[in-house]
Amino acid sequence: MKIIKIIFILIFVVLSACGYKPINQLNKNKFTIKSFTGNGDTAINNFLNINFNRYQEQPDNKRKLDIISDSQIQTTVETRNNAGEATGYRMQISVLIKIYENEKLIETNQYSKVSSYSNLNSKFELKNYEKILIKNLVSSIISEINYDLVVIE
């Protein structure tokens, strides 16, 4: 019985001291995003705007940042069959983020994600798949942006 208590206490001490924090708890940042301006593709800018809105409701933070983004989506035909019809596409999403504090540029970062995909039989299905692909690629870029914002000095 004593061995079980010792093991339980040991496990409790080890797990409570590991420093683990859920990623959603990391939002206690030392900055507030005062404004966001998105140029370029509206779908990407909408995703970015939704992401940055959660940083705007922290009025007690001393650092106030302004963010300007330039985004674009490039879709190109990667492969064709013998008849000349497109069988594979390549999508590249690029986002340039400029971060200002007190109207002074403090950091500029370029983010880019690429994905290749095959043509589908239905144009409707292809458009829906492209929308999902855009959402996934932008989510990946947003994760990188959020990490860079947290570690900004």
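Just above sits the structure.
Attention here is on the structure that accompanies the text. Owing to the predicted nature of the structure, the values given are computational and were not obtained by experimental measurement.

Digging into helix α3 (residues 123-150)
- Taking 1.5 Å per residue, 28 residues should reach 40 Å; α3 reaches 41 Å between its end C-alpha atoms and fits that length.
- At its buried positions, α3 is contacted by β1 (31-40), α2 (42-53), β2 (63-80), β3 (86-101) and β4 (104-118).
- Two or three places before F124, at the opening of α3, S122 has a side-chain oxygen 3.3 Å from that residue's backbone nitrogen.

Side note on the pairing of β4
- Note that β3 and β4 share 14 bridges and pair antiparallel. Looking at β4, one finds that L96 is bridged to Q110.
- The hairpin turn running from β3 into β4, its antiparallel successor, is 2 residues long, and N102 in that turn takes a positive phi close to 55°.

What about the nonpolar core?
- In terms of nonpolar packing, the biggest core is built from 28 residues, with L48, F52, I67, I93, I145 and L149 touching the most fellow members.
- Of all the secondary structure elements, the ones that give two or more residues to this core are β1, α2, β2, β3, β4 and α3.
- With 9 residues, α3 is the largest single contributor of residues to this core.
- Excluding anything up to four places from it in sequence, L48 contacts F36, S69, V95, I142 and I145.

What counts, and at which threshold
- Note that residues are indexed from 1 along each chain, following the sequence as it is written.
- Only residues with pLDDT of at least 70 get local features here, since the model is predicted, and only at 80 or more are side-chain atom pairs given and counted; chain-wide, interface and lining totals rely on the full set of residues.
- For the side-chain quantities, the full set of heavy atoms in the structure was used; hydrogens and water were omitted.
- Here a helix means four or more residues in a row that DSSP labels H or I, a strand means two or more in a row labelled E, and each is numbered from the N terminus.
- To estimate the expected span of a helix, count its residues, drop one, and scale the result by 1.5 Å.
- The contact definition used throughout considers only heavy atoms, calling two residues in contact when any of these lie within 4.5 Å.
- In protein, a polar contact means a hydrogen-donor-capable atom and an acceptor-capable atom, both N or O and within 3.5 Å, with residues adjacent in sequence counting only if both atoms are side-chain atoms; elsewhere, any N or O pair within 3.5 Å suffices.
- The pairing criterion is simple: DSSP has to find at least two bridges between the two strands.
- We define a nonpolar core as any set of buried Ala, Val, Leu, Ile, Met, Phe, Trp, Tyr and Cys residues linked to one another through side-chain atoms lying within 4.5 Å.
- For every residue, the accessible area obtained with a 1.4 Å probe (protein chains only) is divided by the maximum for its type, and the residue is called buried under 20%, exposed over 50%, and partly exposed between those limits.

Note that all results are geometric; they support no functional claim without further evidence.
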